[in-house]
Amino acid sequence: MNKILFHLKTFGCQMNVYDSSRIVELLSGCGMEATEDECNADIVILNTCYIREKASAKIFSELGRIKKLYLNAKKNVPVFAIIGCVAKAEGDNIFKRAPYVSIVLSSQKYHLLPELLKKALEEKNTILNEQEDGEKKKKTKLSHLINTELSGLEKFDCLPTVKTSDSVAFVQVQEGCDKFCTYCVVPNTRGREVSRNEQSILDEVENLQNLGAVEINLLGQNVDCYDSLDKDGNKSNLAKLIKKIAKFENVKRIRYTTSYPSEFFDEMIELHKTEPKLMPLVYLPIQSGSNEVLHKMNRRYTREQYLDLIKKLKSANPDIQISSDFIVGFPNETEEDFEQTLDIVKQVKFIQCYAFKYSPRPNTVAAKMDGQIDLKIKSDRLKRLQTELRKHQDAFNKSCVGKVMNVLFTDVSKTDSEYILGKNEYLQPVIVKAGAELIGTIKNVKIESASYANLKGEIV
Ligand code: SAH
Ligand code: SF4
Ligand code: F3S
């Protein structure tokens, strides 16, 4: 019998990317096979993001587009499953807008997929047989299978052990958020902060290093709030966890994301001084440089506290660079507030950032605030911020020329197979002329030139 083919498409953050990688392994272990071909699958799964309006609207247009592909090709429409943050936020509404969807699951329930997909596939076959028979009697109706509970991290007890790994591997250590920034849907879509058991993480890391992982990225919505017990019942935290991961011989690099500024603790600052495997790039979303706006956002720090943290980090380890996220056009943001944001960019000289126009989201406090900002002003501020950010990113890239940097190679260049690509300590893409046998290894590279997109160099 032919294998059942599933096409899985992922939207949103690294958390979803991680979840999707686990889903591929989960379903592959149940006799299914992943396909890149979106028009030739028995099952189409969309792992979705709800963070901004555009992101969630995209899901419904994708659904419609993919369904049409099958109808135009006169093929049977696949079983559709919507999982992740839109699934949690929209729930039943998804069936109202797209009745041909069979399954809706929150990100904490995706381990139920094999069982529900089996049910949906069987039902689909019954419906197809009935259509062929032209049977008039009782017709089977497509069931709508839904579970959008947020139940913590029980999914990890139900997942098979990871079986393959790239040289860069991601490991989820924490999920959910208790911060309730007034603009953000994540506390609703991912639930409260929960931490994964320490031993389960260490087992996964050991397995990943045996499968060839060299770099471990620890993931969490507020990764510095990681709070669990070790195998002896003692309290663990992110710093203690990283120290244990650093003991794995084949793990050469460790990163963690995302940090919340006022949760960043001294033990982590100290670790950036003492642990060479910990990469010197700290991803520390600030969102705004104005205390007024930060307060309205319910971010629990001031610009002064943020700057002080950066000073501490850089004095612990002068190699440290900072990346960040920004939101422009938050309700009531004045030109002066916005200039405070530009000012903090000039002071910190972030090396890599994401900037977004504020997007009002359902069931958030900020969406109901007076003083919503005109789209034109938001667009204008975004452009100005991006110009300022780019200046500092460019300057940092240029400052790398002549330096010897540490690069983990991951791919052969798509445009010229004589070149390979990798990332340095600061996640900048680096290109060198070398053979594919170096993929998965870390080499010292002397940087010879820099553009906005990448650095070029030579192995030394
Ligand atoms: N937990 C992380 C990131 C969460 S979401 C943190 O607290 O920083 C990723 C980014 O999306 C956020 O950092 C923020 O910049 C952006 N974001 C979240 N909600 C948004 C909204 N309603 N409009 C625009 N950007 C938003
Ligand atoms: Fe959203 Fe704020 Fe939580 Fe980040 S800290 S996930 S922005 S509520
Ligand atoms: Fe999007 Fe959910 Fe991540 S809303 S950003 S996929 S946590």
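Every chain's residues receive numbers from 1 upward, in the order its sequence appears when written. Whichever chain is written first becomes A and whichever ligand is written first becomes 1, with later ones labelled in order. pLDDT decides what is reported in this predicted model: residues at 70 or higher carry local features, side-chain atom pairs at 80 or more are listed and counted, and totals for whole chains, interfaces and linings draw on all residues regardless. Where side-chain values are given, they derive from all heavy atoms of the structure, hydrogens and water being excluded.

### A closer look at the domain arrangement of the protein chain
Under the domain assignment used here, the protein chain contains domain 1 (4–147), domain 2 (161–278), domain 3 (280–399) and domain 4 (404–459). Each of domain 1 and domain 3 has a C-alpha centre, and the two are 37 Å apart. Joining two parts hides part of their accessible area as seen by a 1.4 Å probe, and the buried area is that hidden amount summed over both. The largest share of the area that domain 1 buries against domain 3 comes from Tyr50, Arg52 and Glu53, three residues that together contribute 87% of it. Salt-bridge detection follows one rule: a side-chain nitrogen of Lys or Arg within 4 Å of a carboxyl oxygen of Asp or Glu. Run the count over domain 1 and domain 3 and you get 0 salt bridges. Any pair of N or O atoms that falls within 3.5 Å is considered a polar contact. Within protein, one atom must be able to donate a hydrogen and the other to accept it, and sequence-neighbouring residues count only if both atoms are side-chain atoms. Run the count over domain 1 and domain 3 and you get 4 residue pairs in polar contact (both at pLDDT 80 or more). Residue classes in the side of domain 1 that touches domain 3 are distributed as 2 nonpolar, 1 polar and 2 charged. Domain borders in the structure are assigned automatically or taken from a domain database. Three residue categories are used. Nonpolar comprises Ala, Val, Leu, Ile, Met, Phe, Trp, Tyr, Cys and Pro, charged comprises Asp, Glu, Lys and Arg, and polar comprises the others, including Gly.

### As for the site of ligand 2
The nearness test applies per residue and asks whether one of its heavy atoms lies within 4 Å of the molecule or strand. In the region of ligand 2, the neighbouring residues are Cys177, Lys179, Phe180, Cys181, Tyr183, Cys184, Val186, Pro187, Asn222, Tyr260 and Arg299. Class assignment for the residues of the shell around ligand 2 results in 8 nonpolar, 1 polar and 2 charged.

### A word on the packing of helix 8 (residues 198–210) against helix 9 (residues 238–246)
Each pair of packed helices can be summarised by the angle the axes make with each other and by the distance between the axes. Between the N-to-C directions of two axes lies an angle of 0 to 180 degrees, each axis being a line fitted to C-alpha atoms and, for a helix, fitted only over the stretch in contact. Each helix corresponds to a stretch of at least 4 residues labelled H or I by DSSP, and each strand to a stretch of at least 2 residues labelled E; elements are numbered beginning at the N terminus. Contact geometry of helix 8 with helix 9 gives a least axis separation of 11 Å together with a crossing angle of 30°. One element, helix 8, and the other, helix 9, form an angle in the roughly parallel class. Helix 9 is crossed by helix 8, and the crossing has right-handed handedness. Counting all contacts with helix 8, which are made through Glu198, Ile201, Leu202 and Val205, the residues of helix 9 involved are Leu241, Lys244 and Ile245. Looking at the contact of helix 8 with helix 9 residue by residue, the class counts come to 5 nonpolar, no polar and 2 charged. Small angles under 35 degrees read as roughly parallel and large ones over 145 as roughly antiparallel, with 65 to 115 read as roughly perpendicular and the rest as oblique. For any helix crossing, the convention is left-handed if the near helix is rotated counterclockwise from the far helix by under a right angle, and right-handed if that rotation is clockwise. In this description, contact between two residues means that some pair of their heavy atoms is separated by no more than 4.5 Å.

### A closer look at the side chain of Ser56
By the secondary structure assignment, Ser56 is in helix 2 (residues 53–72). With near-sequence residues (within four places) excluded, Ser56 lies in contact with Cys49, Tyr50, Val86 and Arg361.

### Examining the site of ligand 1
Looking at ligand 1, there are 15 residues lining it, with Tyr183, Gln221, Gln287, Asp325 and Ser359 nearest. A distance of 2.9 Å is found between a nitrogen atom of ligand 1 and a backbone nitrogen or oxygen belonging to Gln221. In the model, an oxygen atom of ligand 1 is placed 3.2 Å from a nitrogen or oxygen of the Arg299 side chain. The method behind every accessible area is Shrake-Rupley, applied with a 1.4 Å probe, and residues are considered shielded solely by the protein chains displayed. Here ligand 1, which alone exposes 540 Å², has 89% of that area covered by the protein. Residue assignment for the shell around ligand 1 shows that the elements contributing at least two residues are strand 15 (321–328) and strand 16 (352–357). Of the residues that constitute the shell around ligand 1, the class distribution is 6 nonpolar, 4 polar and 5 charged. Counting only domains with at least three residues in the shell around ligand 1, you end up with domain 2 (161–278) and domain 3 (280–399).

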